[in-house]
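Residues per chain are reported as follows:
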Amino acid sequence: MPLRSEATAVTEDEAKTYYQDNIQQFTQPETVTASHILLKTQGKTDAEKAEIRTKTEEILKRAKSARFCSPGQRVFRRSRSKDRGGEYTFPRGQMVKEFEDTAFGLQDGQISDIVETQFGYHIIKTTAHKAAGHRVLMRSKSS
């Protein structure tokens, strides 16, 4: 289909044809929204990791009995997601496997047990799942 200038109108049939011919551009993958608390273990000794694990267990107990992000607010000091309470929305294939499998496997509102990744110990709370699908074409004003 040739490009049109802004002044040229596109018919509804042309728009539908373009949509069907290019459906892959309108595909939205399954996503999950999850918050997490991370206690980093990279570069730590086994003794330090054991101490961090104990601290993570204490935070997990508090997280399961209180508002999720409140126990970890201090933990987020250097996290990219600290301004969002440790929250990410992501499709499959963007996070490390252990984190992703857990986040997609939890029900909305559920808090994980401790999840160990190459980065450290995570506590994950999934808040929303969004099924894969396609963005819908807008209907014309005359419809």
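Residues numbered from 1 in each chain as written. Predicted model: local features only at pLDDT ≥ 70, side-chain atom pairs only at ≥ 80, totals over all residues. Heavy atoms only, no water.

Looking at the side chain of T33
No. 1: As for its placement among the helices and strands, T33 is situated in strand β2 (residues 31–40).
No. 2: Overall, the relative accessible area of 14% leaves T33 in the buried class.
No. 3: One polar contact links T33 to T89, side chain to side chain, over a distance of 2.8 Å.
No. 4: Not counting residues within four places of it along the chain, the set of residues in contact with T33 comprises E87, Y88, T89, K125, T126, T127 and A128. (Helix = DSSP H or I, 4+ residues; strand = E, 2+ residues; numbered from the N terminus. Buried < 20%, exposed > 50% of the residue type's maximum accessible area, 1.4 Å probe, protein only. Polar contact = N/O pair within 3.5 Å; in protein donor to acceptor, adjacent residues only side chain to side chain. Contact = heavy atoms within 4.5 Å.)

Brief notes about the nonpolar core
No. 1: Formed by V32, A34, Y88, F90, F99, A103, F104, L106, V115 and I124, the largest nonpolar core amounts to ten residues.
No. 2: Elements represented by at least two residues in this core include exactly β2, β3 (87–91) and α3 (97–105).
No. 3: Leave out the neighbours within four places in its chain, and L106 touches I111, S112, I124, T126 and H129.
No. 4: In terms of nonpolar packing, the next biggest core, distinct from the first, is built from nine residues, I37, L39, L60 and I114 among them. (Core = buried A, V, L, I, M, F, W, Y, C linked by side-chain atoms within 4.5 Å.)

Points about the pairing of strand β5 (residues 120–130)
No. 1: Bridging between β2 and β5 involves ten bridges; their strand directions are antiparallel. Bridge pairing in β5 places L38 opposite H122.
No. 2: Two strands pair when backbone bridges link them, and strand β4 (residues 115–117) and β5 are joined in this way by three bridges, in the antiparallel orientation. Counterpart to E116 in the pairing with β5 is Y121.
No. 3: In sequence, β4 turns back onto β5 through a hairpin of two residues. (Pairing = 2+ DSSP bridges.)

Some words on the packing of aromatic side chains
No. 1: Here the structure, examined in full by the defined rule, presents four aromatic pairs.
No. 2: Between the aromatic rings of F90 and F99, the centroid separation amounts to 5.9 Å while the plane-to-plane angle is 45 degrees, which identifies the pairing as tilted.
No. 3: Since its relative accessible area comes to 1%, F90 is described here as buried.
No. 4: Relative accessible area serves as the criterion here: at 3%, F99 is assigned to the buried category.
No. 5: Members of the aromatic cluster, joined through ring pairs, are Y18, Y19 and F26. (Phe/Tyr/Trp six-rings, centres within 6.5 Å; stacked < 30°, edge-to-face > 60°.)

Details of the confidence of the model for the chain
No. 1: Per-residue confidence for the chain gives a mean pLDDT of 83, with 76% of residues at or over 70.
No. 2: Across residues 70–79 the pLDDT falls below 50, and counting only partners more than four positions away or on other chains, this stretch makes 16 contacts in the model. (pLDDT = per-residue confidence, 0-100.)

Thoughts on α3
No. 1: Of the positions making up α3, those classed as buried are F99, E100, A103 and F104. The buried residues of α3 occupy an angular sector of 115 degrees when projected down its axis, which confines them to one face. Facing away from the buried side of α3 by more than 90 degrees, the exposed set consists of K97 and G105. (Arc of directions from axis to C-beta.)

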